[in-house]
Amino acid sequence: MEARNEHEHHHHAHGHDHGHDHGHLQQHASQGNIMPRRPSRQELQHIQGWGADLDRKNRPGVPMERTPPRFIHQPEGELPQQPERVEVLVSPERPGITQIFGTGQPPSGLSGMIRRLAFKSTENDLRHWLLLLLADRVNVVEGVVEDLAQGHIPNVLGEMGIKAELKHNPAGLAKKALITTAVVGAAWYLLKGRDRDDGDRYGERYYR
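On a predicted model such as this, the values are computed, not experimentally measured, just so you know.

(A) Seen up close, the side chain of Glu165. Structurally, the position occupied by Glu165 is in helix α6 (residues 162-168). Every residue in contact with Glu165, bar those within four places of it in the chain, is listed here: Pro170, Gly172, Leu173 and Lys176.

Here it is in structure tokens:
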């Protein structure tokens with residue numbers, strides 16, 4: 001009995017020392033597990049910048065915030081379905097469209113055709129994402145053409161960040177330009193060689 005009491009006393013002392021050494025841990029009374037303890041403000045004030053938004057006047061979104069905050073009570077039942085007034089592309093992995101969805105950029109033009117083709121594949125298919133990336137690039141060109149059609153000359157260099165990169169990272173911009181030139185030159189050379197070979201084969205058939 002004395003040995004058991006001594007063991008329990010030693011275990012209690014060890015748990016007390018462990019909690020004392022690690023100020024962020026405390027022992028759960030019922031389960032006996034070590035649970036994390038939330039540090040107090042005084043323990044966190046040594047961190048530079050901590051608590052910068054405690055004062056509501058220092059919060060950027062304060063004019064848009066309100067007390068109590070919005071949507072604190074979950075509505076009963078299912079959310080009402082948003083009416084579908086534009087085309088919305090849905091992954092074939094989903095059983096249907098979600099209750100809320102974006103309608104700002106419906107698919108249109110050549111980029112829209114590419115996106116429709118992409119959504120015929122599942123999201124684990126590499127072609128799905130490659131086609132979406134291609135559609136984004138095509139959409140950029142469509143936007144430039146649309147601006148020119150409306151009499152607006154887009155600031156392509158500024159929108160692509162080329163001016164800023166030329167100022168702050170000229171070496172990186174030069175590297176990208178060289179790589180782009182090499183890729184375009186190689187593609188042009190291969191296409192010209194293919195056309196030349198096709199022309200030679202056509203001439204051989206013609207003179208036979």
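(B) Spatial organisation of the packing of helix α3 (residues 109-118) against helix α4 (residues 126-149). Where α3 meets α4, the axes come as close as 8 Å, and the angle between the chain directions of the two elements is 170 degrees. On the basis of their axis angle, the class for α3 and α4 is roughly antiparallel. Counting all contacts with α3, which are made through Gly109, Leu110, Ser111, Ile114, Arg115, Leu117 and Ala118, the residues of α4 involved are His128, Leu131, Leu132, Leu134, Ala135, Asp136, Val138, Asn139 and Glu142.

(C) Quick peek at α3. Those residues of α3 that fall on the buried side of the exposure criterion are Ser111, Gly112, Ile114, Arg115 and Ala118. Burial along α3 is one-sided: seen end-on, the buried residues are contained in an arc of 160 degrees. Tucked into the core, α3 has its buried residues touching α4.

(D) Representation of the nonpolar core in the model. By size, the foremost hydrophobic cluster in this structure holds six residues: Ile114, Ala118, Leu131, Leu132, Ala135 and Val138. Among the secondary structure elements, those contributing two or more residues to this core are α3 and α4. The greatest single-element share of this core, amounting to four residues, is contributed by α4. Leave out the neighbours within four places in its chain, and Val138 touches Leu110, Ser111 and Ile114.

(E) Seen up close, the side chain of Ser111. For Ser111, the location among the structural elements is in helix α3. Take Ser111: its relative accessible area is 1%, and that puts it in the buried class. Of note is the side chain of Ser111, whose polar atom sits 2.7 Å from the side chain of Glu142. Every residue in contact with Ser111, bar those within four places of it in the chain, is listed here: Ala135, Val138, Asn139 and Glu142.

Each value, and the rule that gives it
The residue numbering used here restarts from 1 in each chain and proceeds along that chain's sequence as written. Where totals are concerned, whole chains, interfaces and linings use all residues; where local detail is concerned, this predicted model gives features only for residues with pLDDT of at least 70, and gives and counts side-chain atom pairs only at 80 or more. Derived side-chain values reflect all non-hydrogen atoms in the structure, with water molecules and hydrogen atoms excluded from consideration. Secondary structure follows DSSP: runs of H or I at least 4 residues long count as helices, runs of E at least 2 residues long count as strands, and numbering of each begins at the N terminus. Residue contacts are counted whenever heavy atoms from the two residues lie within 4.5 Å of one another. Note on geometry: axes are lines fitted to C-alpha atoms, helical ones only across the stretch in contact, with angles between N-to-C directions running from 0 to 180 degrees. When an angle is under 35 degrees it counts as roughly parallel; over 145 it counts as roughly antiparallel; between 65 and 115 it counts as roughly perpendicular; any other value is oblique. Buried residues are those whose accessible area, probed at 1.4 Å on protein chains only, stays under 20% of the maximum for their type, while exposed residues exceed 50% and partly exposed ones sit between those limits. Working note: the arc is built from the helix axis to C-beta atom directions. Note on terminology: a nonpolar core comprises buried Ala, Val, Leu, Ile, Met, Phe, Trp, Tyr and Cys residues joined through side-chain atoms within 4.5 Å. Any pair of N or O atoms that falls within 3.5 Å is considered a polar contact. Within protein, one atom must be able to donate a hydrogen and the other to accept it, and sequence-neighbouring residues count only if both atoms are side-chain atoms.

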